[in-house]
Amino acid sequence: MRTTTNRGLQPNVLGTFDTIVMAVAGSAPAYSLTATTAVLFSAVGYAGPGALLYCAVPMFGIVLAYARLGRIDVNAGAGYSWVGRTLHPFLGFLCGWALVFAATVFMVAGSLPAGSLTLSLLDQDLAGDTTLSALVGAGWFLVMLLIVLGGTRLTVRAQLVLSGVEMLILGGFVLAAVVHRGRATAFDWSWFAVDGFEGTHGFAAGALIAAFYYWGWDVTSNLSEETRNSRRTAGLAALVGVGFVFLLFMAFTVSVNILLSAEEIRAAGPNILAVLGQEIWPGVGGKLLVVAVLLSTVATLETTLLQVTRSLFAMGRDRTLPAALGAVHRRWNTPWVAVLTVGAAALLMFTAAAAAKGSLQQVLRDAVSAIGLQIAFYYGLAGLAAVVAYRSLLLRSVRNLVLGGLWPLFGSGFLLWAFVQSLGALSTTALTIGLGGLLLGVVPMLVYWRKGSGYYRPARLDAAAVLAAADASVPACRPRTDGRDKSYATDF
């Protein structure tokens, strides 16, 4: 299996700051808050801050796992490659497939609010029309598709503008929320209590929804082949990005609990930030936060497109899916076949969403839960892969044991536990999309396994072996100048 490419993806396009911006945009702060806060509240009530906190601890374990795995295998497929080379190729393929499927579903789940928010800026009465929201959202999706098709440099420039304005607005409202005098509910430390959830199923459901909040930071790993000094940059950017959005999510979720009543939160649904904005700054605040959510939604559509198309590129390159998906445009240096394939699949799903009889809020609730299942599955496997890859190095130091073994293992176990526990609490639609999407991947997996793809005969991924090879490749008479000294695989 290849770990790098010299066939078209343009190297060294992204710097450290660019990659951090991608990590933050991938988690889509404003979009995640508006699309998911009411869903989280319906699942765990006022314990939403606790769910975000308890999910953040294992999530950082998965971030550490990605950082360490990215040090020893730079691959646009990320978890697809790592899990396949450590646990089993079948699990690796399903890991990649889960990302592809979840991201494709998100194209609709993300674009629908973009359409609804755009309509709300024009006429609030039109915002609840699922069909019209799907049509306008599809328009936004096509714009982002063209930008991603135009190359990574164009994508980065667009992302800097979108995310920059979004962060300015959100930062301003965090400060405004702190000094706001209106109170619907007094702050209560019980919001963070472990026993604040309604049993094990409630805790698992909250964790799965919280995982959706954080999801998207791993786009840094899928862009590793296009990043400068990617062995270090991708992991560092993910750590900084998740830390930043954790603070932002916590600030806004606590603000919602304090400033809005339970009835207002439930009634607001996917317009929660607009309602919060009106509470903090009547007249203008709601509109400004709507703009922030719209920018966040469009920005995360872009990063999700990058993530899914790079995954498909890696799978096409390995011939675990049609080889055409690994084709790169000669001028734009983008996997154009993968981009157009995702675009076609998403547009079909837009058609189904436009014809759906359910409300926009119900469509979003089912989509978030289904995507949460996929996230827990492939993040959990990646955490295990890191432990296996570094197994021979874990006892060399306490740092290696904690950061490379215990924390990723805890993150993996937590997410896989949440996956299993939540099955009894999800709707039939969410289960059908979540589990059905995974099972659908078995078909191409078996087809291309029988065709003899080299991916199914992998070189095992072992950190000790990579370290030894890296040391042997540098003459002892001169120091390293490429930043890849012996510590490069164990810094995190």
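Everything numeric in this text was worked out from a predicted model, so none of it was measured. (Residues numbered from 1 in each chain as written. Predicted model: local features only at pLDDT ≥ 70, side-chain atom pairs only at ≥ 80, totals over all residues. Heavy atoms only, no water.)

Student: Help me out: how do you make sense of the overall build of the protein in this one?
Tutor: The secondary structure content of the protein amounts to 19 helices and zero strands. Taken over the C-alpha trace, the protein has a radius of gyration of 22 Å; the compact-globule value for 492 residues is 23 Å, and the two agree within 12%. The principal-axis extent of the C-alpha atoms belonging to the protein is close to 65 × 45 × 40 Å. For the protein, the proportion of its 492 residues judged to be buried stands at 60%. Positive and negative side-chain charges of the protein, numbering 32 and 23 respectively, have mean locations separated by a distance of 14 Å. (Helix = DSSP H or I, 4+ residues; strand = E, 2+ residues; numbered from the N terminus. Rg over C-alpha atoms; globule rule 2.2 N^0.38 Å. Buried < 20%, exposed > 50% of the residue type's maximum accessible area, 1.4 Å probe, protein only. Lys, Arg positive; Asp, Glu negative; His and termini not counted. Charge placed at Lys NZ, Arg CZ, Asp CG, Glu CD.)

Student: What is the right way to look at the packing of aromatic side chains in this model?
Tutor: Aromatic ring pairs: the centre-centre distance and the angle between the two ring planes describe each pair. Summed over the entire model, instances satisfying the criterion amount to 32 aromatic pairs. Ring geometry for Phe41 versus Tyr46: centroids 5.1 Å apart, planes at 85 degrees, classification edge-to-face. Through pairs of rings, three or more aromatic residues link up here, namely Phe41, Tyr46, Phe187, Trp189, Trp191 and Phe192. One Lys or Arg, Arg68, reaches over the ring of Tyr390 and ends 4.2 Å from the middle of that ring. (Phe/Tyr/Trp six-rings, centres within 6.5 Å; stacked < 30°, edge-to-face > 60°. Lys NZ or Arg CZ within 6 Å of the ring centre and 35° of its normal.)

Student: Please explain the environment of Ala193 as it appears in this structure.
Tutor: Tracing the backbone through its elements, the reader meets Ala193 in the loop between α7 (152-179) and α8 (199-214). With 143 residues separating them along the chain, Ala193 and Gly50 place their C-alpha atoms 6.5 Å apart.

Student: Just to check I follow, could you spell out helix α3 (residues 48-72) for this structure?
Tutor: In an α-helix there are 3.6 residues to a turn, and that puts residues three or four apart on one side. End to end, α3 covers 36 Å across 25 residues, agreeing with the expected 36 Å (1.5 Å per residue, within 8%). Along α3, the sharpest kink reaches roughly 30 degrees, centred on Ala56 and followed within four residues by the proline Pro58. The buried fraction of α3 is high, at 22 of 25 residues. (Expected span 1.5 Å × (residues − 1). Bend = angle between axes of the 7 residues up to and from the residue.)

Student: Would you explain the packing of α3 against helix α16 (residues 398-421) in this entry?
Tutor: Helices that pack against each other are described as a pair by the angle of their axes relative to one another and the distance between those axes. Following both chains from N to C, one finds α3 and α16 inclined at 125 degrees, their axes separated by 7 Å at the closest point. Looking at the two axes, α3 sits oblique to α16. Crossing of α3 over α16 shows left-handed handedness. Taken together, the residues of α16 that come into contact with α3 (itself represented by Tyr54, Cys55, Val57, Pro58, Phe60, Gly61, Ile62, Leu64, Ala65 and Arg68) are Asn400, Leu403, Gly404, Trp407, Pro408, Phe410, Gly411, Ser412, Phe414 and Leu415. The residue makeup of the contact of α3 with α16, split by class, is 14 nonpolar, five polar and one charged. (Axes fitted to C-alpha atoms, helices over the stretch in contact; angles between N-to-C directions. Parallel < 35°, antiparallel > 145°, perpendicular 65-115°, else oblique. Left-handed = near helix turned anticlockwise from the far one by under 90°. Contact = heavy atoms within 4.5 Å. Nonpolar A, V, L, I, M, F, W, Y, C, P; charged D, E, K, R; others polar.)

Student: In this structure, what is going on with the pattern of salt bridges? I would like to understand it.
Tutor: For side chains of opposite charge, pairing can occur when their charged atoms come near one another. The full count for this structure, using the stated rule, is four salt bridges. The partner of Arg310 in a salt bridge is Glu226, with the nearest N and O atoms 3.0 Å apart. Here Glu226 lies in the loop between α9 (219-222) and α10 (230-259) and Arg310 lies in helix α13 (residues 285-317), a separation of 84 residues in the sequence. Neither residue differs from the other here; Arg310 and Glu226 are each classed as buried. Here Arg391 makes a salt bridge to Asp462, at a shortest N to O gap of 3.9 Å. Of this pair, Arg391 sits in the loop between α15 (360-389) and α16 while Asp462 is found in the loop between α18 (442-450) and α19 (463-472), placing the two residues 71 residues apart along the sequence. (Salt bridge = Lys/Arg side-chain N within 4 Å of Asp/Glu carboxyl O.)

Student: Where do I start with the state of the cysteines in this structure?
Tutor: Tallied over the full model, the rule gives zero disulfides. Counting only cysteine sulfurs, Cys95 is the nearest neighbor of Cys55, a cysteine outside any disulfide, at a range of 17 Å. A residue is classified by how much of its surface remains accessible, and Cys55, at 1% relative accessible area, is buried. (Disulfide = S-S within 2.5 Å.)

Student: Could you clarify how one ought to interpret the nonpolar core in this entry?
Tutor: One recurring pattern in soluble globular proteins is that nonpolar side chains are buried together. Among the nonpolar cores identified, the biggest contains 161 residues, and Phe93, Tyr214 and Tyr379 are the most heavily contacted of them. Broken down by element, this core gets its largest block of residues, 17 residues, from helix α5 (residues 89-122). Setting aside residues up to four positions removed in sequence, Tyr379 forms contacts with Met59, Ile62, Tyr66, Trp215, Gly216, Trp217, Asp218 and Leu415. (Core = buried A, V, L, I, M, F, W, Y, C linked by side-chain atoms within 4.5 Å.)

Student: What is the right way to read the packing of helix α2 (residues 29-44) against α13 from this model?
Tutor: Packing of α2 against α13 leaves a shortest axis separation of 7 Å and a crossing angle of 110 degrees. Taken as axis vectors, α2 and α13 run roughly perpendicular relative to one another. Here Pro29, Ala30, Tyr31 and Thr34 of α2 come into contact with α13, specifically with Ala292, Val293, Ser296 and Thr297. Looking at the contact of α2 with α13 residue by residue, the class counts come to five nonpolar, three polar and no charged.

Student: What am I meant to see in α8 here?
Tutor: Here α8 is 16 residues long and its end C-alpha atoms lie 23 Å apart, about the 22 Å a rise of 1.5 Å per residue gives. The element α8 is extensively covered by neighbouring structure, given that 13 of its 16 residues are classed as buried. Immediately downstream of α8, the backbone of Gly216 shows phi near 120 degrees, a positive value.

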